[in-house]
Amino acid sequence: MASDTAFVHLISFKGSADTVASNLRGYVERELARSAPKGFLSAVVIEGKDGETAGLLSYWESLDAIEDITDTAPWEAAMDLCEAVCDTRSELSYAITGAAAAG
């Protein structure tokens, strides 16, 4: 990556954490790992120790890349599957600068 800035996108769900985590793992394996979109760096599925929360933490080259992926049919389908079994959903994006952005 040419820049020393990367972006993190965190989407989290509360409720039915095991189902949400399974749905998110499927999305990561089918969509992100097989045909990574432009600007995608990596992603991990996270599960809270409370057993009630799960989420997707993804790393991107730009905010535009995040916006591009969240406007696709596979992304929307994956989010709909998760929302169908959870109580709440939240999304945040953060900039990472310096050595952390470089990997």
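Details of the structure are given in the entry above.
We now turn to the structure provided with this report. If you're wondering where the values come from, they're calculated on a predicted model, not measured in any experiment. Every chain's residues receive numbers from 1 upward, in the order its sequence appears when written. Owing to the predicted nature of the model, reporting of local features is limited to residues with pLDDT of at least 70; listing and counting of side-chain atom pairs is limited to 80 or more, with chain, interface and lining totals taken over all residues. Only hydrogens and water are set aside; all other atoms, that is, all heavy atoms of the structure, feed into the side-chain values.

### Topic: the state of the cysteines
Note on terminology: a disulfide is the covalent bond linking the sulfur atoms of two cysteines. Here, the term disulfide refers to a pair of cysteine sulfur atoms separated by no more than 2.5 Å. Evaluation of the coordinates by the stated rule reveals zero disulfides. Of all cysteine sulfurs in the structure, the one in cysteine 86 sits closest to cysteine 82, which takes part in no disulfide; the separation is 7.0 Å. On the accessibility criterion, cysteine 86 (13% relative accessible area) is buried. Each residue's exposure class comes from its accessible area (1.4 Å probe, protein chains only) as a fraction of the maximum for that residue type: buried when under 20%, exposed when over 50%, partly exposed otherwise.

### Quick look at the packing of helix α1 (residues 17–32) against helix α3 (residues 73–83)
Simply put, an axis is a line fit to the C-alpha atoms, just over the touching stretch for a helix, and the angle between two N-to-C directions goes from 0 to 180 degrees. For helices the rule is a DSSP run of H or I covering at least 4 residues; for strands it is a run of E covering at least 2, with both sets numbered from the N terminus onward. Interhelical geometry of α1 versus α3 gives an angle of 165 degrees and a closest axis separation of 9 Å. The pairing of α1 with α3 is recorded here as roughly antiparallel in orientation. Remark: the crossing between α1 and α3 carries right-handed chirality. When α1 is examined against α3, the residues Val20, Asn23, Leu24, Tyr27 and Glu31 are found in contact with a partner set consisting of Pro74, Trp75, Ala78, Met79, Leu81 and Cys82. Only Asp, Glu, Lys and Arg are considered charged, only Ala, Val, Leu, Ile, Met, Phe, Trp, Tyr, Cys and Pro nonpolar, and every remaining residue, Gly among them, polar. Across the contact of α1 with α3, the residue classes break down as nine nonpolar, one polar and one charged. For classification purposes, an angle smaller than 35 degrees is called roughly parallel, one larger than 145 roughly antiparallel, one from 65 to 115 roughly perpendicular, and anything else oblique. Two helices cross in a left-handed way if the nearer one is turned anticlockwise from the farther one by less than a right angle. They cross in a right-handed way if the turn is clockwise. Residues are treated as being in contact if the distance between any of their heavy atoms lies within 4.5 Å.

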